[in-house]
Amino acid sequence: MRMRAFWLILGLVLTLLLPGGVMAEETIKLGMVTPLSAPGDYKSGQINVQVGELAVEQLNAQGGLLGKKVEMVKADDEGKPAVGVTAIQRMIASEKVSAVVGVWHSSVAVAQGKVVTKMKTPMLLHYTWADEMTADHSDYIWRVGPFNSEIAALMLPYIEKNFKTIAVMYETTAFGTGFADALAKLAEDKGIKTYKIAYPAEATDLEPQLLELKGKDPKPELLVVAAVYQATNLIPKQAFEIGLAPEMKILCAWDWPTYADFWEVLGEKGVGVMYATFESEKLQLSPLGESFKKSFKAKYDYEPPVFAYFLYDEIMILAETIKRINSADPQKIAEALKETKFAGTTGEITFERKDGPVWNQWMGHQLFVKKMTEFKQKGPDAEVVYP
Amino acid sequence: MFLELVIRGTAIGLVYALMGIGLMLLHGVMRIINFAHGEFYMIGGYMAYYSMTLLNLPFYLAIPAAMIITFFLGALVEKLLLSPIHTKKIEKPMDYTLIMTFGLLLFFRQLATLVFGPFFRKPPDYLPADFHILGVKLSGSMVLAGLVSALIVFALAVFIHRTWRGRAWRAITQSNPGARISGVDIGRESWIACGTACALAAAAGAVVAPIFTLSPHVGGPPLAKSYEVLAIGGLGSIAGSVVAGVILGVAETLGAFYISSAYRDAIGFVLMAIFLLFRPQGLFGQKV
Amino acid sequence: MMKRHEITALAGMLVLGLLAPVFIDSPVWMTTLQIFFYYSLLTISYNIVFGYTGLFSFCHVSFGAIGGYTSAILAEKAGLSPFLGLLLGGLAAGLIGIVLGLFILRVRGFYLCLVTWAFGMVVDNVLKTEHKITGGTGGFISPSFFEGPGADLYTYLLGLGLVLLMFAVAALLYHSRWGLYLFSVRDDIDAAETMGVVTRFWKVFGFAFGSAWAGVAGAYYAHFFGLVDPSIAGLDEMGKVCLMVVIGGIGTIYGPLMGAFFVVILSEMIRGWAAEFSLLIFALAMILTVRFVRGGFMEILRTLLPGPRGGRPA
């Protein structure tokens, strides 16, 4: 039919006439794919972007890399795997980035991992905990941050010393399920009774699961919360509403209580909540670490959470690698990352290759458990209860 | 434990009833199905939030404010987009409203994402204290939600049975031509009813905002629950909807505990499907 | 069988489809075209359920998910070939469609809507809860159709083939006696009964056939995108499909393709400067279309241009 063909031809012609990519002057591009809107964890995503912008600013102030300016290209994965996959495909195919950082949610990252391996561009993980990311032994996935099995093992001594019955509430994603499984196994091996309660990651009402917990006998003494989406603050809040807390202690799996909205949602009840992190005054920061902390605080007016250090390290490692091999080609970078020996912010970073998830993985993490002791307390002031 | 579940279920059930009644009003007076009902719940929540944070209104003013704003929004929507179904001769009014209200659902959600931002918001707790009812600890917000819902439903029931307008609406529900002959202006009653229905949804949203937090996508589950209440309770009886709402709330809470917490939302859907298939008039409804 | 202009259109689309990869260099646009194929399969099949048979099903995309997950899980866990997965995905969706279709025989109008919606929500709930099998909210990574060089091109051609096939089937159905039975269910089911049409059979057929093809669409998506997650069965997706069919013209032959093309290609084109607005604009377009131009694009075309058109019988 003439009309039909006409429409299609018109459509395709318009399609072809459109510019296929960004006409850029010569810059070296770094991809930052991170959640910037709900239901994703946009609060952390915003911090990731801030770290990236600071790092890129510093690099350009020193003259850029290989004589070119460094540019950070942002994309929002919304915390959704399908969106993240499309975003990263675009980043690599259209923007031609040298590497991708800033990836956050495990469920998104696992899907993206397949893409970067296929499209041969390195992706660095600073706080994505799923074991699978490195356990698949891809040449293109590198992790400076910790992973589930490692974290569970580091957390266990504190739990073992203080509690006999615990519960883990976890989101049914690569991160949550992986963490809960790892922790439960280790805990049960030590004779600690562990309840595992799953919930859908994007849930905004956790009462059913918490009520289920309330009906358990013997009652759990500690609740470990493995969440990244909105449930992070809702679980503690509703635990109080249900009447489980404060008799039952709460341990957040990572540093979200240092965010402003923790106090907004929990109010006074947030006092006494604990969280696990990898940084405290007891940890010695390197000169690079100190200078990062200072510049971040100066630019953004708050102290960076621990994962910011890891992300900063990653960007600097990429910069150093590019300088070392004198190329910004993603494949060459991936190849060269093996030889990384970088004086990072919290320790010297090398990537180990052994077995399981220890592949392209830095193993230099030290875990701390901190407790909020005052209303509206900030991270650095929280009390270190372990070690 | 059982008692606690029942009490919690009742509290949330009253909120469900509030939403369901709004929908029932819409269906009775206008004979339409409305997919955007949940979006008015969402808008009501945001209006309450902004009333409290931007205008510093206390909660007992913020909730009515949300209701009033949404009333006018609902009326506007009716006048502009839905009135053709009684004025023009639309071939298939059912299809028309289905698609139209669905389009509205998408439209409002996207608009909310753009205007309010794709972030989670939470208004300050309305009643920071905790209450003990029959030995069960309930948060102040939860108790307030149940009470306010019950209050509004009661007020509505009085309105429907005692005022002229309420009688006109009941007349329209029973027989559209009959009401017309009796002098009722269908066009005008339609937009007022629509506005009222939306205001009811907004009240539900406002009252529950501090408990569940707000985001542009928060309207999905309430929409579903409204229809579930309608299916279980049937059309035409406010008291019936209240009972249906409580049944739904309690069934969900009990089911979540004794069967599976993950499938809590599915319970409502299964109940709805069962009623639709085997007893379409619901427990208390009139004709189908 | 098929009208002459439809055969010409089919041939035209085949030619254009084969030429496209030659001229389009960007992998992003190739992916977009494949997304267009996915939505086309969904809209054409939805047109059969809603446009031909008049059933406003709200769980159409859920059948897509059923097909997609079936194919993906079988391919990943049982080593099944993704091509077989297309078939099995469609079959699974079709069988469940038959069962659900039998249930909904009793209901009409908006009750049908609600029941199918309830079903869709239950599917969504199951997909997210049984994370050990389905991967939960994070989704399930599925193997691709092809490996190695040229894989992307072959996947594209497969998609093109599926769309052309579906288009031909839908057009044939439209002009056939079977199609007439479906239309009769849509237009006046009681009159059809009195004329001797076994409406119960055709109602289920229309529903299940369309749903089966939705399953094929889902399976195609699973293997070309590499990931299935519960979001493909969400309300947003159902909305998009509905929107595309409405904008294009419900019940017409070309409507679904035009609607899908319009929405997908346009979203891609405005992605740069107005990305957040795109769904908003489309929703607005849907509202305005239904309000003022009920027949969608096809009606606009019909009024603007003289001559015979492949449109919905008045």
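Analysis parameters
Residues numbered from 1 in each chain as written. Chains lettered and ligands numbered in written order. Predicted model: local features only at pLDDT ≥ 70, side-chain atom pairs only at ≥ 80, totals over all residues. Helix = DSSP H or I, 4+ residues; strand = E, 2+ residues; numbered from the N terminus. Rg over C-alpha atoms; globule rule 2.2 N^0.38 Å. Buried ≥ 20, exposed ≤ 12 C-beta atoms within 10 Å, placed from the backbone. Contact = placed C-beta atoms within 7 Å. Core = buried A, V, L, I, M, F, W, Y, C linked by C-beta atoms within 7 Å. Pairing = 2+ DSSP bridges. Axes fitted to C-alpha atoms, helices over the stretch in contact; angles between N-to-C directions. Parallel < 35°, antiparallel > 145°, perpendicular 65-115°, else oblique. Left-handed = near helix turned anticlockwise from the far one by under 90°. Nonpolar A, V, L, I, M, F, W, Y, C, P; charged D, E, K, R; others polar.

## Describing the overall build of chain C
Link 1 in the chain: When its secondary structure is counted, chain C shows 13 helices and 2 strands.
Link 2 in the chain: In summary, chain C has a C-alpha radius of gyration of 19 Å against a globular reference of 20 Å for 314 residues, a match within 12%.
Link 3 in the chain: Overall, chain C is about 55 × 45 × 35 Å in size when its C-alpha atoms are taken along their principal axes.
Link 4 in the chain: Per-residue burial over chain C gives 59% buried out of 314 residues.
Link 5 in the chain: Nonlocal contacts in chain C, meaning residues at least 24 apart in sequence, comprise 77% of its contacts between residues at least 6 apart.

## With respect to the overall build of chain A
Link 1 in the chain: For chain A, the helix and strand inventory stands at 13 helices and 16 strands.
Link 2 in the chain: Here chain A has a C-alpha radius of gyration of 22 Å; the compact-globule value for 387 residues is 21 Å, and the two agree.
Link 3 in the chain: When its C-alpha atoms are laid out on the principal axes, chain A stretches across 70 × 65 × 40 Å.
Link 4 in the chain: In chain A, the share of contacts with a sequence separation of at least 24, taken over all contacts with a separation of at least 6, comes to 68%.

## Here's the deal with the environment of G117(B)
Link 1 in the chain: By the secondary structure assignment, G117(B) is in the loop between α5 (93-116) and β1 (130-133).
Link 2 in the chain: As a C-alpha pair, G117(B) and P216(B) span 99 residues in sequence and 7.8 Å in three-dimensional space.

## Some words on the nonpolar core
Link 1 in the chain: Judged by nonpolar contacts, the single largest core of 349 residues is most densely connected at F179(A), A226(A), L18(B), A202(B), A203(B), M272(B) and L41(C).
Link 2 in the chain: Not counting residues within four places of it along the chain, the set of residues in contact with L18(B) comprises S149(B), I152(B), V153(B), L200(B), A203(B) and A204(B).

## Things to note about the sheet that holds strand β6 (residues 165-171) of chain A
All names here are of chain A.
Link 1 in the chain: Pairing is mixed across the open sheet formed by 7 strands, whose spatial order is β7-β6-β8-β9-β10-β15-β16. With partners counted over all chains shown, the strands left at the sheet margins are β7 (193-199) and β16 (383-386), one partner each. Neighbour-to-neighbour, the strand axes of the sheet open up by a mean angle of 25°, direction not taken into account.
Link 2 in the chain: Of the pairings in the sheet, the one linking strand β8 (residues 222-226) to strand β9 (residues 249-252) comprises 4 bridges and is parallel in character.

## A closer look at the packing of helix α2 (residues 27-52) of chain C against helix α3 (residues 60-77) of chain C
To describe two helices that pack against each other, one gives the angle between their axes and the distance between the axes.
Residue and element names in this part refer to chain C.
Link 1 in the chain: Where α2 contacts α3, the two axes come as close as 10 Å, and the packing angle between them is 130°. Comparing their axes, α3 and α2 come out oblique. For the element pair α2 and α3, the recorded crossing hand is right-handed. Two secondary-structure elements touch here, α2 through L42, Y46 and V49 and α3 through H60, V61 and G64.
Link 2 in the chain: Residue composition of the contact of α2 with α3, grouped by class: 4 nonpolar, 2 polar and no charged.

## Overview of the interface of chain C and chain B
Link 1 in the chain: Facing the 28 residues of chain C at the interface are 32 residues of chain B.
Link 2 in the chain: Elements that contribute at least two residues to the side of chain C that touches chain B include exactly α5 (109-129), α11 (235-248) and α12 (255-292) of chain C.
Link 3 in the chain: Ranked by residues supplied to the side of chain C that touches chain B, first place goes to α5(C) with 11 residues.
Link 4 in the chain: Here the side of chain C that touches chain B is composed, by residue class, of 21 nonpolar, 4 polar and 3 charged.

## Details of the pairing of strand β10 (residues 274-277) of chain A
Residue and element names in this part refer to chain A.
Link 1 in the chain: Both faces of β10 are covered, namely the face carrying M274 and A276 and the face carrying Y275 and T277.
Link 2 in the chain: The pairing of β9 with β10 spans 2 bridges and is parallel. Considered in β10, the bridge of L251 is made with M274.
Link 3 in the chain: In this sheet, strand β15 (residues 368-371) lies alongside β10 in antiparallel orientation, the contact comprising 4 bridges. Bridge pairing links T277 to F368 in β15.

## Comments concerning unusual backbone geometry
Note on backbone geometry: most residues besides glycine have negative phi, and most peptide bonds are trans.
Link 1 in the chain: In this structure, the amide linkage connecting D217(A) to the following residue, P218(A), adopts the cis form with an omega of 5°.
Link 2 in the chain: Looking at the element boundaries, P218(A) is found in the loop between α8 (207-214) and β8.
Link 3 in the chain: Here A245(A) and P246(A) are connected by a cis peptide whose omega angle stands at 0°.
Link 4 in the chain: Summarising the element assignment, P246(A) is placed in the loop between α9 (231-242) and β9.
Link 5 in the chain: Positive phi values are uncommon outside glycine, yet D301(A) reaches one of about 70°.
Link 6 in the chain: You can see D301(A) is positioned in the loop between α11 (287-300) and α12 (306-325).
Link 7 in the chain: One non-glycine residue with positive phi stands out, namely T213(B), at about 65°.
Link 8 in the chain: Within the secondary structure, T213(B) sits in the loop between α9 (186-212) and α10 (220-233).

## Notes on the packing of α5(B) against α11(C)
Link 1 in the chain: Closest axis-to-axis distance for the α5(B)/α11(C) pair is 10 Å, and the angle between their directions is 125°. Accordingly, the angle class assigned to the pair α5(B) and α11(C) is oblique. Considering the relative orientation of α5(B) and α11(C), their crossing is left-handed. Along the contact surface, α5(B) presents I99(B), F102(B), L105(B) and L106(B), while α11(C) presents G239(C), C242(C) and V246(C).
Link 2 in the chain: Its residues assigned to classes, the contact of α5(B) with α11(C) comprises 6 nonpolar, 1 polar and no charged.

## What about the pairing of strand β2 (residues 136-139) of chain B?
Link 1 in the chain: In the sheet, β1(B) pairs with β2(B) via 4 bridges, with the strands oriented antiparallel. Residue pairing for β2(B): F131(B) is matched across the bridge by L138(B).

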